[in-house]
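Listed here are the chains, written in short residue letters.
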Amino acid sequence: MAHGPAKGIGRWLRATNHKDIGTMYLWFSFAMFLLGGAFAMVIRAELFEPGMQIIKPEFFNQMTTMHGLIMVFGAIMPVFVGLANWMIPMMIGAPDMALPRLNNLSFWILPFGFSLLAATLFMPGGGPNFGWTFYAPLSTTYAPPTVNFFIFGIHIIGASSIMGSINIIATILNLRAPGMTLMKMPMFAWTWLITAFLLIAVMPVLAGAVTMMLMDINFGTSFFNAAGGGDPVLFQHVFWFFGHPEVYIIIIPAFGVMSAIIPTFSRKPLFGYSSMVYATAAIAFLSFIVWAHHMFTVGMPLAGELYFMYATMLIAVPTGVKVFNWITTMFRGAITYETPMLFAVAFVILFTIGGFTGLMLAIAPADIQYQDSYFVVAHFHYVMVAGALFSSTAAVYYWIPKWTGRMYNETMGKVHFWVSFVAFNVTFFPQHFLGLAGMPRRYADYSLQFADWNMVSSIGAFAYGASQLLFLYNVIATIVAGRKISDPKVWEGAEGLEWTVPTPAPHHTFSTPPAIK
Amino acid sequence: MVAKNPVRKTVLWSLLAGVTMFGFAMFVMPPLYDVFCEITGLGGKTGGRYAAEQPEVDQERVVKVQFVTTNNSAMPWEFRPLTDAVRVHPGESHKVEFYARNGTERDMVAQAIPSVTPANAAQYLQKTQCFCFDQQPLKAGAEANMPVVFFIDPALPPSVNTVTLSYTLFDVTDRQSAAVTARN
């Protein structure tokens, strides 16, 4: 190849190479994951026993808010952007992303956005304390003065996401190798194309919501102030119009990762490729018309409740198609259970459980009981942690040999998996019981009858947190001292263009487009 | 130029989509929500001046109507209801007054914005006369009693026994536009 990477720090600051930027995204999201995880540990430590032990309630509220914001915007979204940067050009036979300098910008504004957000914790008045959904008027009239930093942080993070999405769309639509039609693309590229469209459609809505907050707080408008002719419920509509597609933005790339890993280790092609594409598109479409199922208790007319209830349940159909396809891919396959496959199988099982509790929550009359309880917390951690996080962990184990040219330690990987899997379920399964028994979320304290399961949940959370340090160790040990490999096709059953380039992947790949059969 | 560079074309279209969605959230969703609430009666906003014929009085039923006032954070006037609550028969007209005093040293103009709780009672509280239909100028140090004449529509849902009418007072001295008035 013409030249290698630049030397020193300039390689990273001025990076335009999709692999370098992908690497930075992955490390950044892991750093944010540890930060958000540390906040979660504080939350679970306080909830270990009833009563107030470690922190003050005000700080507890800041912890739950920051945990949610950091995990959603700092850990899960960037990790998939990092995977997209690394893998999509290699999967579609492109030399790089379509807009390398924009790519650099969209990464490098992220640390500034999150610095603004995290710095609020050290300011007078403390960080945002109104929950990650920042409902008005908690986030406007009653917000701490640092809320403006939060708003600008969200603006920056949103701008980064939009630029990243434009880049991914431009890459996938224009830089595919000759002969690679859309319906020949790997599922991961497909899921990211759909995700990028979702991001472009709803991140500006989030920006609009925080801009209206900014104006209400500083410029005397009354978008969300009932006393001034506005309506706080309007905030919830705008927020969830963003927020519901957002949860699919988080999970759809995970579907793509699953559709890459499961066929590899089942040694069979993905079952029902085209139905996977259509199901993903259907989920994306439905995500725009179901937002008010997050607001069944605001006082909607009966017709509204019924519509949002049935529309929400409809999402189970395309999601069921996907789960069916993954299971059918595994059916009668020559399956081996390397670490990525273990995480993938756990994903299918646990994500399905999370989907079923989602169906329970979709039932409007039942949701009036469940809403804002720990049942909701259990539900979305089953889809966020066992869904998005397990799949990105699987993706790292799956592709790290290709990235580094070194194999991770399989035993250590399996230890990481089993500790994560058991600890995850110990943490979150009891939260279903707590929620059904009536424990509300977002409180620093709880009644005595919830004590036992909270202690179990906290013990699980500490173990889960520790197992992620094991993950960090595994990744570093692989990079530094992993067994060197050079087979382009790292896994016996792997298919796709990324497995035709040398291992480790050279700095520049596909400078001349590959031939597609 | 655009046709020669397909990447640029994709980027321009995506950017346009993003900007459109921002505009949609900022400038379309709030008015759309207002229209939706007006049609369905959600959101607690009352109608304009009631001009049609008054319905018959329902002597059987008594509804409590409470009055609360709020000052917008930028509004220094003293503003309060002279009556905190009244009990009325649906269909029967009532007049209540609100007291306002401009304690500042400059002439000001105010605009009151009404809101009704519970939301499903909003479209049944009818006003035949209200200071909120107009802007209220007060000279420096001046005071005024501002009247509202209203009745409760007998069609008020039977589950509602108490209706709260709230006014928020805004300083509109600096803006001559009638935009605020149009929304009451």
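Right above here is the structure, for reference.
What you see is a predicted model, and the numbers here were worked out from it, not measured in a lab. (Residues numbered from 1 in each chain as written. Chains lettered and ligands numbered in written order. Predicted model: local features only at pLDDT ≥ 70, side-chain atom pairs only at ≥ 80, totals over all residues.)

Remarks on the overall build of chain B
Threshold: Think of it this way: any DSSP run of H or I at least four residues long counts as a helix, any run of E at least two long counts as a strand, and we number them from the N terminus. The quantity called the radius of gyration is restricted to C-alpha atoms. Its globule counterpart is 2.2 Å times the number of residues to the power 0.38. Here a residue counts as buried when 20 or more other C-beta atoms sit within 10 Å of its C-beta, as exposed when there are 12 or fewer, and as partly exposed otherwise, the C-beta atoms being derived from the backbone. Two residues qualify as a contact pair if the distance between their C-beta atoms, derived from the backbone, is within 7 Å.
Each helix and strand in chain B was counted, giving two helices and nine strands. The order of helices and strands in chain B, counted from the N terminus, is α-β-β-β-β-β-β-β-β-β-α. Its C-alpha atoms give chain B a radius of gyration of 22 Å, clearly above 16 Å, the size a compact globule of 184 residues would have. Once the C-alpha set of chain B is aligned to its principal axes, its extents read approximately 75 × 45 × 25 Å. Per-residue burial for chain B yields a buried fraction of 29% across its 184 residues. Long-range pairs, those at least 24 residues apart, make up 75% of the contacts in chain B with a sequence separation of at least 6.

Notes on the sheet that holds strand β8 (residues 143-152) of chain B
Residues and elements named next belong to chain B. Keep this limit in mind: Two strands are said to pair when DSSP picks up at least two bridges between them. A fitted line through C-alpha atoms serves as each axis, taken over the contacting stretch for helices, and the angle formed by two N-to-C directions is quoted from 0 to 180°.
Spatially, four strands are ordered β2-β4-β8-β6 in an open sheet, and the strand pairing comes out antiparallel. The open sheet is flanked by β2 (78-81) and β6 (125-130), the only strands paired with a single partner. Within this sheet the neighbouring strands show an average axis-to-axis angle of 25 degrees, counted without direction. Pairing of β6 with β8, which is carried by five bridges, proceeds in the antiparallel orientation. Residue pairing in the sheet places Gln 126 in a bridge with Phe 151 of β8.

Notes on the interface of chain A and chain B
Keep this limit in mind: Charged means Asp, Glu, Lys or Arg here, nonpolar means Ala, Val, Leu, Ile, Met, Phe, Trp, Tyr, Cys or Pro, and polar covers whatever is left, Gly included.
Counting residues at the interface gives 29 residues for chain A and 27 residues for chain B. By residue number, the principal contributor to the side of chain A that touches chain B is helix α7 (residues 187-218) of chain A, which donates nine residues. Considering only residue class, the side of chain A that touches chain B consists of 20 nonpolar, eight polar and one charged.

Comments concerning the environment of Thr 173 of chain B
Residue and element names in this part refer to chain B. As for its placement among the helices and strands, Thr 173 is situated in the loop between β9 (162-171) and α2 (179-183). Sequence separation of Thr 173 and Gln 135 is 38 residues, and the distance between their C-alpha atoms is 9.6 Å. In contact with Thr 173, not counting residues within four places along its chain, are Met 108 and Val 109.

Overview of unusual backbone geometry
Omega for the peptide link from Thr 503 of chain A to Pro 504 of chain A comes to -10 degrees, which places this bond in the cis form. For Pro 504 of chain A, the location among the structural elements is in the segment after β2 (483-484). Pro 118 of chain B follows Thr 117 of chain B through a cis peptide bond whose omega is -5 degrees. In this fold, Pro 118 of chain B is placed in the loop between β5 (108-117) and β6. Within the chain, Phe 134 of chain A stands out as a residue other than glycine whose phi angle is a positive 30 degrees. Examined against the element boundaries, Phe 134 of chain A turns out to sit in the loop between α5 (110-119) and α6 (147-174). On the basis of neighbour counts, which here come to 24 C-beta atoms within 10 Å, the residue Phe 134 of chain A falls in the buried class. For Arg 442 of chain A, which is not glycine, the phi dihedral falls at a positive 70 degrees. Tracing the backbone shows Arg 442 of chain A in the loop between α15 (410-436) and α16 (451-481).

Here's the deal with the packing of helix α2 (residues 18-46) of chain A against helix α3 (residues 57-92) of chain A
The relative placement of two packed helices comes down to the angle between their axes together with the axis-to-axis distance. Residue and element names in this part refer to chain A. We count it as follows: The scheme is simple: roughly parallel for angles under 35 degrees, roughly antiparallel for over 145, roughly perpendicular for 65 to 115, oblique for anything else. Handedness of a crossing is defined here by the sense of rotation of the near helix relative to the far one, left-handed for an anticlockwise turn of less than a right angle and right-handed for a clockwise turn.
Packing of α2 against α3 brings their axes to within 7 Å, and their N-to-C directions diverge by 160 degrees. It follows from the interaxial angle that α2 and α3 lie roughly antiparallel. As α2 runs across α3, the sense of the crossing is left-handed.

With respect to α15 of chain A
Rule in force here: The length a helix should cover is 1.5 Å for every residue beyond the first.
A rise of 1.5 Å per residue sets the reference length of α15 of chain A, with its 27 residues, at 39 Å; its end C-alpha atoms lie 39 Å apart and thus fit the reference within 8%. Following α15 of chain A by one or two positions, Gly 438 of chain A has its phi on the positive side, about 105 degrees.

Side note on the packing of helix α14 (residues 374-404) of chain A against α15 of chain A
Residue and element names in this part refer to chain A. Contact geometry of α14 with α15 gives a least axis separation of 7 Å together with a crossing angle of 165 degrees. One way to sum up the angle between α14 and α15 is to call them roughly antiparallel. The hand of the α14/α15 crossing is left-handed. Residue-level inspection shows Tyr 374, Phe 375, Val 376, Val 377, Ala 378, His 381, Tyr 382, Val 385, Ala 386 and Tyr 397 of α14 in contact with α15, the latter providing Gly 413, Phe 424, Phe 428, Gln 431, His 432, Leu 434, Gly 435 and Leu 436. Of the residues in the contact of α14 with α15, the class split is 13 nonpolar, five polar and no charged.

Let's talk about the pairing of β5 of chain B
Residue and element names in this part refer to chain B. In terms of residue burial, β5 counts as a mostly covered element, since seven of its ten residues are buried. Judged from the three bridges that link them, β5 and strand β7 (residues 136-138) form a sheet pairing that is antiparallel. Paired with Val 109 across the strands is Pro 137, a residue of β7. As paired strands, β5 and β9 are joined by eight bridges and run antiparallel to one another. Paired with Gln 111 across the strands is Phe 170, a residue of β9.

What about helix α10 (residues 302-314) of chain A?
Residue and element names in this part refer to chain A. To keep things clear, this is the line we draw: In this context, the arc is that of the directions from the helix axis out to the C-beta atoms.
In this model, α10 (13 residues) spans 18 Å end to end at C-alpha, consistent with the 18 Å of a helix rising 1.5 Å per residue. Along α10, the residues classified as buried are Glu 305, Phe 308, Met 309 and Thr 312. Down the axis of α10, the smallest arc covering the buried residues is 105 degrees, so these residues share one side. Those residues of α10 that are exposed and angled more than 90 degrees off the buried face are Ala 303, Leu 306 and Tyr 310. The inward-facing, buried residues of α10 abut α12 (339-362) and α13 (364-370).

Description of the nonpolar core
Cut-off, in case you're wondering: By definition, a nonpolar core groups buried Ala, Val, Leu, Ile, Met, Phe, Trp, Tyr and Cys residues that connect through C-beta atoms lying within 7 Å of each other.
Of all hydrophobic cores here, the largest spans 173 residues; its most connected members are Ile 76, Ala 189, Ala 209, Ile 261, Phe 347 and Ala 394 of chain A. Not counting chain neighbours up to four residues away, the residues in contact with Ala 209 of chain A comprise Phe 235, Val 238, Phe 239 and Phe 242 of chain A together with Ala 25 of chain B. Core analysis: the second largest hydrophobic core is formed by 30 residues, Phe 79, Phe 98, Ala 119 and Leu 156 of chain B among them.

Let's talk about the sheet that holds strand β3 (residues 85-88) of chain B
All names here are of chain B. The sheet built from five strands is open, its strands ordered β3-β1-β9-β5-β7 with mixed pairing. The open sheet terminates on both sides in strands that have one partner only, identified here as β3 and β7. The sheet shows a mean angle of 30 degrees between the axes of neighbouring strands, direction not considered. In this structure, strand β1 (residues 63-71) lies alongside β9, joined through eight bridges in parallel fashion. Counterpart to Gln 66 in the pairing with β9 is Thr 164.

Interpretation note: all reported values are geometric properties and have no functional meaning in isolation.
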